[in-house]
Structures are given as structure tokens and as C-alpha cells.
Amino acid sequence: MTLSVTEVSQIRSLPLQTRQTPPLVHCLTNQVVSNFTANILLALGASPAMVTAIEETAEFAAIASALLINIGTIDTPRYQAMREAIAGANKAGKPWVFDPITAGLPFRMKIAAEFIAEKPAVIRGNASEIMSLASLANTSFKGIDSKAGSEEALNSAQQLAKDIGTVVAVSGEVDYVTDGQRIIKITGGHPLMTKVTGVGCALNAVIAAYIAVAKDPFLGTIAALAAFSQCGSEAAFQAEGTGSFSVAFLDRLTQLQEISGFGSL
Amino acid sequence: MTLSVTEVSQIRSLPLQTRQTPPLVHCLTNQVVSNFTANILLALGASPAMVTAIEETAEFAAIASALLINIGTIDTPRYQAMREAIAGANKAGKPWVFDPITAGLPFRMKIAAEFIAEKPAVIRGNASEIMSLASLANTSFKGIDSKAGSEEALNSAQQLAKDIGTVVAVSGEVDYVTDGQRIIKITGGHPLMTKVTGVGCALNAVIAAYIAVAKDPFLGTIAALAAFSQCGSEAAFQAEGTGSFSVAFLDRLTQLQEISGFGSL
Amino acid sequence: MTLSVTEVSQIRSLPLQTRQTPPLVHCLTNQVVSNFTANILLALGASPAMVTAIEETAEFAAIASALLINIGTIDTPRYQAMREAIAGANKAGKPWVFDPITAGLPFRMKIAAEFIAEKPAVIRGNASEIMSLASLANTSFKGIDSKAGSEEALNSAQQLAKDIGTVVAVSGEVDYVTDGQRIIKITGGHPLMTKVTGVGCALNAVIAAYIAVAKDPFLGTIAALAAFSQCGSEAAFQAEGTGSFSVAFLDRLTQLQEISGFGSL
């Protein structure tokens, strides 16, 4: 199933459009990656804000253009602030992205189950995370292989997308994005991207920015993944290791004006 | 109103003087920027410390040379720890800098009002933050325009400086520093400085370091702003984007020995 | 006392061995350095995880290959999560490293005393931290000089290693590692390493990774210190300041395959 010419053109122009109408992205993310996430959003012309107090998250999520929820370093106060933020975003009709870093821990699986019932616009995770969420959403689903590749998780991703009514992205050597019907494959990128902490977490923040601008979760998600794949490949040419890769990656993102293509286009 | 020759010479030599007598700067800042803030203080020869437990902040603020309070990711436990730190600093006669990231949120405006009543040595914010604080400090003040330039906020800055008895800096394309009477204008810098998260937050930490060494909040603040403006302009020449800008900026700060000038000198 | 040929060969090959069998390092570290720590572990081929909720730390520490405890920004919730993590690691027989950033504060000294009684596999600190811990562990010990060099702390380090049954590393211009009997001296490195925040904290995470792979706290600690010393010296050649040093340091760590030597070998 292919994208229409109009859709392709919208994906292509999203980086520029984002610079012209900067979205405010409310990030409730993990402590390890908050700085990198903010810098990546800024490089792409978006405005990050990391308001975290339970007294403020509902109000701020309603003001922001989109919300990111990442449970990588979740604890009880953070969980409560996130719950408020999700309620605020949903009430105001603002889209939100869920990054389910479950790490096989029961405390998080319970939170993840609660959060996906609140209908995020996009869920992005690796194969085992997506398969594990699909089993939560659909009790008839069986079997999780933590070493599964993104291809093996495709059925789970489609099922999850249908069950929740959301866009699901599965990350791996090849990335897939599905809205339950259509599947788009995004190739490119570079293994160094998995050796810098927070690349995936920051990508989810960019998805939030782009779906707010695109007003379309499916196209916005594809554009974000394609932007990272493109800038990551380019940055790797200049890299001697993870230090220079991060610098070059931020530089490429700062210069990004247009998506030049993606695997299955 | 100009600075005396002695004052200019003191400003000029502050970077070197800071390396010779390194101040210990207690930073209660937001989670997003703590790493970058610490690295910038270290590059300039100061010693950062991010002690945050309510059991320790009063004691540590009294030991430190100066204190930074930044409410960017404030929540209730952090607010309590900050209140203790401010009390500790005030009791020990140590200067402190207030960074009022209010974002228009009522929870923070209440905290900001409480904190400015404790008389920080320096307040630095953008035009809308300073205008909004001036209205808190002086109920007869009216009108806040969130899109205001730093020039438009000058009257508010002077009023706030007089009302509180503090130094106020307004950041923008051009920066202004006032002690209520005198106004100094600092030009230079580069737009890339607004595209790296925490440059402004780290600048406030440098103000804390420099006012501790200068023993003069007005001169120390001018020196900090001039140092950032100078190193930022230089770093931008080497930058291909925000990644290489950050690296070059830290390198310039590491090498900084002397303030070479500033706009209105 | 020298190392055997087998031991030297094991130290030499630890970087490569770590890439081949990546350890999962559970880091309960301070907020300032969590990103840098994760990136350094990734550059060396290890897997970082910063699970911090009290509901999860015991369970996760038992799953992980090794645990790092750093009390740099400790507060009461973090202390409780750390206590659980230590209990989980000890019960599962997993080694853990203690980074005692005590800063002379009583709240932390009490926590440090409690933690060292739980027998970390390795303790690494600067001279004054090690001397201060030795005095806690052995009440007959007297006298702490906060300006002491690593050499002056050697007796304390040996005493502490014997009292607790642990490996102790003292950092300074020259580093020392002792198991109570043997002492190994590691030279090299560069002063720029003290001007980037978190280099020491990240080193302790690498110790955790390497002792998990080596299954020997003494040899693993020596290898970690030697790796940092070697990559730090190399990175300094390319550095114009702390910004470019950090980048080059991460690049050198990414490329590291073998320890080429260390001071007293």
C-alpha cells in the first residue's frame, strides 16, 4: 500500500513547515535524556518544555501543541504527573506519543496498560515492547520474544494499532509505521544511533512535534523516522565514534529542510 | 551613564580572577540543564555543586560562594529545598541569582513572588518574565506582552531593581543590565545560543560565580553576559549547527582569560 | 607487588571481552551525570539502565550484571531506592560499586556509613573521601585533610579495603587501586578530565561493567582506570577545550579494544 502524491509531498515538507510554525512540545521523559531531547527539538525548530510538577502538568499539556510520555525512569510522583498530563492533553484534544520503556518490569507494565487505554496518538517501541503491549491490549494474544526483530513484531503492531485506534511504530534495523491498515517501511540510519543514549527517546519527541504540525499522526510519524534515518546516515560519515556522531547528528538536524526519501516510498 | 575606568578594568579581569580564586556555586537548577551548567562553570574555572536534598540545601548554600535558583522544572519537594537554600544563603550573607522560568503558570508565579521577596542579588529573565515579575513586585504596574523585546522591558527592569533592591538583567537580541539607576547594554552573541538548551540557565550560574568573585552584583552580571556574548560570537564562526556550536562554545569558555569589550562600553 | 602474566593479559583484553559479552549496568547515579554515564557505557559496549523507582530497584539490581551507587544528588526517596537496590544486588550475588560523594555533609556521611557496611565490591573516591570513609569504618582512625593527595590516602585506602573486604581506588593526579594487600598505581590521564563534569562518576560505572565481565573486582577496577587514563591522554591531544575533549574522549572509548599499559605494570 503506497502513499498518495499529496501525502508524500506533505511528509517531504514537514521539516520546513515545523520551522515556520514551531510547535511547543511538552516532554515528560526520563532524566537521562531530557537535555538531548530538548536539543534535538530545538535543532529542528520546535520548542521543548519539560514541566513536571503534578500541580502544572494538566494545565501545561492543554496549552502545548503535543505531549510526550516516556516511562524510562518512572516513579510514583512522575506517574501521577503523567496521568494528569495525559488527561489534560486528551481534554484539550492535543495529540500525545507514548514511549513504553517497560524493561519487563511489572510496575511499568501496569502503568503502560493504563496509559494505552487513554489512546495515545502514536506508540513507538522496539519489537519486544510492541509485542508485549499488544498482548496487554488483546488478551487472546500470546508469546513474546525479547530478541524479536521489528519484522516479527509487525502483526502485533497492526493488531495494537487497530485495538487502540492509534499509529504504531516499531523500531529496529528497519523501522515500520502502521495505522492498522497501511504499513510503511523506513530504512537507512546507522548502528551508531543505538550507541548514543536517548536517540530513540528524542525521536519520539520529534514524532510529537511533527504530528502536531502535520495534524496527521501517520504522516508525522513517518516524517520523524525518515528525518532521523536521513540525518543519522549523513552524520555517521563524519563520525569517529559516538562523541563526534552526536555532534554531527545535531548539526545535520539543524540544517534539515526537507525529507529526501525513505525506504518504501 | 558610563562605568568608571576601575569598574571596566574589574569586569575585564573577572574571568582570570575567577580561575585564580575558584568560587563554589551551589546550583538548584532544572534537570534538563544541570549537566551543561556544571560543564560551563568548570570550563570557566568555577566549581559547581548540585546538592538538592532538603536535609542539606540550607547548610550547603551557607558554605558555597553563591547560589543559583532556577524554577524551570520545579515541583513541591524542589520548592522546599530551594526555600531552605535561600534562607541558608541569606543568613550567611551569600549572594544568590534567581532565574524566573514562569511560563505563565500560576503555581510558579506564586513561588516567584515568594522568592523575589527574599531579595536575590540578581534576577535575569526574558522581557516577558521581567515584566511579569515587576507587576508582582509593584501592584500599580500594568500590562504584560509576552512578545515584548528586551527594550520594552527596560522600564519594568529598572522598577523591579528599585523595588527589590537588586540587579536585573533582561535577555533578548540585546541584553540590558540595571541596578535601578545605571543601565548597561550588551550586544553581540549569536542566534544559535537560543537553539541550545540551557545556555541562558548556565549564564545565570556564571553570574552567580562572577558576582561571588567580583563582590559586586552589577559588575559581575555585566562580566558574565559579556563573556557569553563574546564566546558565543566566536563559537558561531566554527559551527555548522547546534552540535558543533555547543562544543566550540565550551572550548571558547575554557580558553577565556579576559573580557575584550561589550556593546555600550 | 606485581600482577601475574595471566592477570595482565586479562586486564589487557577486558575492553574487547566487554564488547563480546555486554554487561547490563544498573546505575543509581546523580542527575547531573546520568546522560554522560550512559553514553560512556554505550561507547564501551556495555548496556546502561537507570531504573530509579523504589518499586523496581531491588528487582532490577538482581537482574543486572552490576550496580552503581553514587550519592552525588541524593535525597530521601533516592536513598530508599538505593537501599533496596543494594539489598537486591547482594541477595543475587551481583557486585556493586560505591561512589561516596560526601562533600563533608553529615546527612551523606550517615548514608555512606550504612552503605559501606553492606560491602560494596569496589569503593572509589578522592583522597579526602577515602580518608573520611576509613575513619567511619575504623573508629581508631584519626585525621582528615581535605587537600590530601592520593598518595597520602593510601594507608586509609588499604585499611578500608581490609576492614570492609573490598577493593578501594583512590583518584588523583596518580590513581591507586588496592585490595588491602596489593597496590597498583595508574598514571596518565590529563587535567582536562577534571574539567568535564561526570568523568569520575562515569568511570565508576565502567568499573561496575568491567568487574562484572572480569568476575574479579581488583582486575576490573584496574582495567577501568587504565582505560580512562589511556583514552583521556589520547583525547587531550585533539582538544581545544572541554567541549572538544568530551567529544574526542567518547570517540576514543568507542574505538577502545585493548588496554595498552598502565603506570606500574
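Residues numbered from 1 in each chain as written. Chains lettered and ligands numbered in written order. Predicted model: local features only at pLDDT ≥ 70, side-chain atom pairs only at ≥ 80, totals over all residues. Heavy atoms only, no water.

J.: Any chance you could explain the UniProt feature "binding site: substrate" (unreviewed entry) in chain A here in plain terms?
T.: According to UniProt, the positions carrying the feature "binding site: substrate" (unreviewed entry) are M50 and G198 of chain A. Dropping the residues within four chain positions of it, M50 of chain A is found in contact with C27, S34, T37 and A38 of chain A together with V32 and T73 of chain B. With respect to the secondary-structure elements, G198 of chain A resides in the loop between β8 (183-186) and α8 (199-214). Sequence-distant contacts of G198 of chain A, defined by excluding residues within four places in its chain, comprise V33 and F36 of chain A. (UniProt positions renumbered as here; feature names shortened; annotations may be inferred. Contact = heavy atoms within 4.5 Å. Helix = DSSP H or I, 4+ residues; strand = E, 2+ residues; numbered from the N terminus.)

J.: Honestly, the relation of the copies chain B and chain C in this entry has me stumped. Any pointers?
T.: A rotation about an axis combined with a shift along that same axis relates the two copies of the chain. Expressed as a screw transformation, the operator carrying chain B onto chain C has a rotation angle of 120 degrees and an axial translation of 0.0 Å, and the superposed copies differ by an RMSD of 0.0 Å. This pairing of chains is accounted for by a three-fold axis. Residue Q31 of chain B, judged by its C-alpha, is the member of chain B lying nearest the rotation axis, at 4.0 Å. An overlap of only 9% is found between the interface residues of chain B and their copies at the interface of chain C, pointing to separate contact surfaces. (Least-squares fit on C-alpha atoms with pLDDT ≥ 70 in both.)

J.: Hey, could you run me through the relation of the copies chain B and chain A in this one?
T.: The transformation that overlays chain B on chain A combines an axial shift of 0.0 Å with a rotation of 120 degrees, and the residual RMSD is 0.0 Å. An overlap of only 5% is found between the interface residues of chain B and their copies at the interface of chain A, pointing to separate contact surfaces.

J.: Looking at this structure, how should I read the sheet that holds strand β6 (residues 167-171) of chain C?
T.: Within a sheet, each strand pairs with its neighbour through backbone hydrogen bonds, oriented either parallel or antiparallel. Residue and element names in this part refer to chain C. Here eight strands make up an open sheet; going across it, the order is β2-β1-β3-β4-β5-β6-β7-β8 and the pairing mixed. With one partner strand each, in any of the chains shown, β2 (47-49) and β8 (183-186) form the two edges of the open sheet. Within the sheet, the average angular offset between the axes of one strand and its neighbour, ignoring direction, is 20 degrees. The pairing of strand β1 (residues 24-28) with β2 spans three bridges and is classified as parallel. For H26, the partnering residue across the bridge sits in β2 and is A49. Strand contacts of helix α4 (residues 76-92): β1, β3 (66-70) and β4 (96-99), with the helix running at about 150 degrees to β3, the strand carrying the most contacts. (Pairing = 2+ DSSP bridges. Axes fitted to C-alpha atoms, helices over the stretch in contact; angles between N-to-C directions.)

J.: Sorry if this is basic, but what is going on with the nonpolar core here?
T.: One broad trend across soluble globular proteins is that nonpolar side chains are buried collectively. All names here are of chain C. Ranked by internal contacts, the top residues of the largest apolar core, which has 64 residues, are I40, Y210, F228 and F249. Among the elements that take part in this core, helix α8 (residues 199-214) stands out by supplying 13 residues, more than any other. F228 has contacts with I40, M193, V199, A202, L203, V206, F249 and L253, leaving out every residue within four places of it along the chain. (Core = buried A, V, L, I, M, F, W, Y, C linked by side-chain atoms within 4.5 Å. Buried < 20%, exposed > 50% of the residue type's maximum accessible area, 1.4 Å probe, protein only.)

J.: Quick question: what am I supposed to make of the pairing of strand β6 (residues 167-171) of chain A here?
T.: Residues in a regular strand project their side chains so that they alternate between the two faces of the sheet. Residue and element names in this part refer to chain A. With five of its five residues buried, β6 lies for the most part within the structure. Across five bridges, strand β5 (residues 122-126) lies against β6 in parallel orientation. Residue pairing across strands places N126 opposite S171, the latter belonging to β6. Relative to strand β7 (residues 175-178), β6 runs antiparallel, the two being bridged by three bridges. Along β7, the bridge assignment pairs V168 with T178. Linkage of β6 to β7, two consecutive antiparallel strands, is achieved through a turn of three residues.

J.: I tried to follow the pattern of salt bridges on my own but got confused; where do I start?
T.: Oppositely charged side chains may form a pair once their charged atoms are brought near each other. Under the criterion given, the structure shown has 12 salt bridges over all chains. Linking D179 of chain B and R182 of chain B is a salt bridge whose minimum nitrogen-to-oxygen distance equals 3.1 Å. What makes D179 of chain B partly exposed here is its relative accessible area of 24%. Beyond isolated ion pairs, a larger network of salt bridges with shared partners links E7, D179 and R182 of chain A. (Salt bridge = Lys/Arg side-chain N within 4 Å of Asp/Glu carboxyl O.)

J.: Help me out: how do you make sense of the packing of aromatic side chains in this one?
T.: What characterises a pair of aromatic rings is the spacing of the ring centres plus the angle enclosed by the ring planes. Residue and element names in this part refer to chain A. As enumerated under the stated definition, the model contains 15 aromatic pairs over all chains in all. Taking the centre distance of 6.0 Å and the plane angle of 20 degrees together, the rings of Y79 and F115 count as stacked. With Y79 in helix α4 (residues 76-92) and F115 in helix α5 (residues 106-116), this residue pair connects regions lying 36 residues apart in the sequence. Relative accessible area serves as the criterion here: at 1%, F115 is assigned to the buried category. Here a set of aromatic residues connected by ring pairs shows up, and it is made of Y79, W96, F98 and F115. (Phe/Tyr/Trp six-rings, centres within 6.5 Å; stacked < 30°, edge-to-face > 60°.)

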